[in-house]
Amino acid sequence: MTIAYLNGEFLPLEEARISPMDRGFLFGDGIYEVIPSYDGKLVGFGPHIDRMHQGMGFIDIKHELTHEKWREICEGLMAKNGSGNLGIYLHVSRGADVKRFHAYPEDVEPTVFGFAFEIAPPPVADRNKATGYKVATTEDLRWQRCHIKSTALLGNVMHFQHGFSSGQNETLLYNARGELTEASACNAYVVKDGVIATPPLDNQILPGITRLMLLDILRKHSDIKVEERVVTMDEVANADEVWISSSSKEVAAVVEVDDRAVGDGKVGPVWEAAQALYSAHKFDY
Ligand SMILES: Cc1ncc(COP(=O)(O)O)c(C=O)c1O
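Residues numbered from 1 in each chain as written. Predicted model: local features only at pLDDT ≥ 70, side-chain atom pairs only at ≥ 80, totals over all residues. Heavy atoms only, no water.

Labelled according to an unreviewed UniProt entry, the chain appears under the name Aminodeoxychorismate lyase, originating from Pseudoteredinibacter isoporae. A UniProt comment under Sequence similarities (unreviewed entry) is attached to the chain, and it reads "Belongs to the class-IV pyridoxal-phosphate-dependent aminotransferase family." Listed in UniProt under the heading Cofactor (unreviewed entry), the comment for the chain reads: "pyridoxal 5'-phosphate". (UniProt positions renumbered as here; feature names shortened; annotations may be inferred.)

In structure tokens:
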């Protein structure tokens, strides 16, 4: 039985109830996070909560939640759901109003929700054993505020479905100029001649916490060169390696893009080095 957190209370997930007038339900008016944890140890707790508070600031949700309060919620969810490999989902919506009206209402209490779900064990940095991902590509047709981790995910859901319905694990997205943005639920990278490149942080992509930690770890603990710059889809097509990253996948090697092999079609050596460094240092954050 999954134990959830809702507005100050831990309770069985199937007993958790919110109003249909909740603006999260009516408008997707909310912010969320997913924090991975392994045997009760959270990865990137501080940066995840910073991003959540920043997102709530962007959409003007007023709250009194602190890092300490979130830690208590996360620890409660881990203790009550058997630790192991868990994704901790945290969600704040603007709250339940009495009418359906677009303007932000005054005096509504945010709805605070959390639950835990099982995630796969983290990848082992061994290119002979690693899962190679296959991805589709499509034009990024989401909104122009992709830096906000909004619960309004229909654009991402439709892009994910595009790849999923043809048997792919993810969908890489590109803008009208043919530049890589990210994937429907991951950040994206290319590797050429040993140099990693990933699109810069702007309104076109989510500032992924795995991306933040990976780039920091690579810069602090290796001499592998990393560039944050525009990456074209031609570069994706000619890359030696392509990766995607997210909290639950960590760094994942892509071996096929639109049914064409990436490089030699195998998981590559730069991925192996990067994932090894990530595995060694991820609990520092
Ligand atoms: C659109 C999008 N980009 C990137 C990511 C990766 O972010 P993180 O590393 O914080 O999980 C996610 C994760 O959900 C996402 O939804």
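Asks: Which parts of the structure should I look at to understand the overall build of the chain?
Replies: Across its full length, the chain holds 7 helices and 15 strands. For 285 residues, the compact-globule formula gives about 19 Å, and the C-alpha radius of gyration of the chain, at 19 Å, lands near that figure. C-alpha atoms of the chain, sized along the principal axes, occupy 55 × 40 × 35 Å. Pairs at least 24 residues apart make up 70% of the contacts formed inside the chain by residues separated by at least 6 positions. When the accessible surface of the chain is summed, it comes to about 13800 Å², and 52% of that surface belongs to carbon and sulfur atoms. Across the chain, the mean location of the 28 positive side-chain charges is 1 Å away from that of the 41 negative side-chain charges. (Helix = DSSP H or I, 4+ residues; strand = E, 2+ residues; numbered from the N terminus. Rg over C-alpha atoms; globule rule 2.2 N^0.38 Å. Contact = heavy atoms within 4.5 Å. Areas by Shrake-Rupley, 256 points an atom, 1.4 Å probe, with all protein chains shown as cover. Lys, Arg positive; Asp, Glu negative; His and termini not counted. Charge placed at Lys NZ, Arg CZ, Asp CG, Glu CD.)

Asks: Could you clarify how one ought to interpret the packing of helix α5 (residues 209-221) against helix α7 (residues 269-281) in this entry?
Replies: Each pair of packed helices gets described by two things: the angle between the helix axes and the distance between those axes. Remark: α5 packs on α7, axes separated minimally by 10 Å, with the N-to-C direction vectors making an angle of 100°. The pairing of α5 with α7 is recorded here as roughly perpendicular in orientation. Residues Thr-210, Met-213, Leu-214, Ile-217, Leu-218 and His-221 of α5 touch α7, and the partners they reach there are Ala-274, Leu-277, Tyr-278 and His-281. Taken together, the residues of the contact of α5 with α7 sort by class into 7 nonpolar, 3 polar and no charged. (Axes fitted to C-alpha atoms, helices over the stretch in contact; angles between N-to-C directions. Parallel < 35°, antiparallel > 145°, perpendicular 65-115°, else oblique. Nonpolar A, V, L, I, M, F, W, Y, C, P; charged D, E, K, R; others polar.)

Asks: I keep staring at the site of the ligand and nothing clicks. Help me out?
Replies: Neighbouring the ligand are 19 residues; Arg-51, Glu-182, Ile-209, Thr-210 and Ser-247 lie closest to it. One of the side-chain N or O atoms of Lys-149 is found 3.0 Å from an oxygen atom in the ligand. Take Thr-210: an N or O atom from its side chain is 2.6 Å from an oxygen atom of the ligand. Within the complex, the protein chains bury 91% of what would otherwise be the 390 Å² of accessible surface of the ligand. Contributions of two or more residues to the shell around the ligand are made by α2 (45-58), β9 (180-183), α5 and β13 (241-246). (Near = heavy atom within 4 Å. Polar contact = N/O pair within 3.5 Å; in protein donor to acceptor, adjacent residues only side chain to side chain.)

Asks: Is there a simple way to explain the packing of α2 against helix α3 (residues 67-80) in this structure?
Replies: Running from amino to carboxyl end, α2 crosses α3 at an angle of 115°, the nearest separation of the two axes being 11 Å. Between α2 and α3 the crossing geometry is right-handed. The segment α2 lies against α3, with Phe-45, Gly-46, Ile-49, Asp-50, Met-52 and His-53 engaging His-67, Trp-70, Arg-71 and Cys-74. (Left-handed = near helix turned anticlockwise from the far one by under 90°.)

Asks: Before we go on, may I ask you to explain the domain arrangement of the chain in this structure?
Replies: By a widespread convention, an interface's size corresponds to the accessible area lost as its parts come together. Its domain assignment divides the chain into domain 1 (3-118) and domain 2 (133-284). Summarising the inter-unit geometry, the C-alpha centres of domain 1 and domain 2 are found 26 Å apart. If you look at the interface, domain 1 gives 21 residues, while domain 2 gives 19 residues. Note on domain 1 versus domain 2: buried area summed over both sides is about 1600 Å², and carbon and sulfur give 69% of it. Linking domain 1 with domain 2 are 0 salt bridges, by the criterion used here. Of all elements in the fold, only β3 (30-38), β4 (41-42), α2 and β5 (85-93) reach the threshold of two or more residues within the side of domain 1 that touches domain 2. (Domains from an automatic or database assignment. Buried area = accessible area lost by both parts, 1.4 Å probe. Salt bridge = Lys/Arg side-chain N within 4 Å of Asp/Glu carboxyl O.)

Asks: Can you walk me through the side chain of Glu-241 in this structure?
Replies: Turning to its location among the elements, Glu-241 is positioned in strand β13. A polar contact of 3.0 Å, which involves the side chain of Glu-241, links it to the side chain of Trp-243. Within the structure, the side chain of Glu-241 is placed 2.9 Å from the backbone nitrogen of Val-270, a separation counted as a polar contact. Those residues within four positions of Glu-241 in sequence are excluded, and the remaining contacts are Tyr-189, Val-190, Val-191, Val-262, Gly-268, Pro-269, Val-270 and Trp-271.

Asks: What exactly am I supposed to notice about the environment of Asp-50 here?
Replies: Secondary-structure assignment places Asp-50 in helix α2. Sequence separation between Asp-50 and Thr-66 is 16 residues; the distance between their C-alpha atoms is 9.8 Å. Among the polar contacts made by the side chain of Asp-50, one reaches the side chain of His-67 at a distance of 3.0 Å.

Asks: What is the right way to look at unusual backbone geometry in this model?
Replies: Note on backbone geometry: most residues besides glycine have negative phi, and most peptide bonds are trans. The backbone phi angle of Asp-258 is positive, close to 50°, even though this residue is not glycine. Residues other than glycine seldom take positive phi values, yet Asp-259 does so here, at roughly 70°. Of note, Asp-259 is situated in the loop between β14 (250-257) and β15 (260-261). For Asp-259, a relative accessible area of 58% translates into the label exposed. (Buried < 20%, exposed > 50% of the residue type's maximum accessible area, 1.4 Å probe, protein only.)

Asks: How do you make sense of the packing of aromatic side chains when you look at a structure like this?
Replies: In the structure shown here, the tally under the stated rule is 8 aromatic pairs. Centroid distance Tyr-32 to Tyr-89: 5.7 Å. Interplanar angle 25°. Geometry classified as stacked. Within this pair, whereas Tyr-32 is found in strand β3, its partner Tyr-89 is found in strand β5, the two being separated by 57 residues in sequence. For Tyr-32, a relative accessible area of 12% gives the class buried. (Phe/Tyr/Trp six-rings, centres within 6.5 Å; stacked < 30°, edge-to-face > 60°.)

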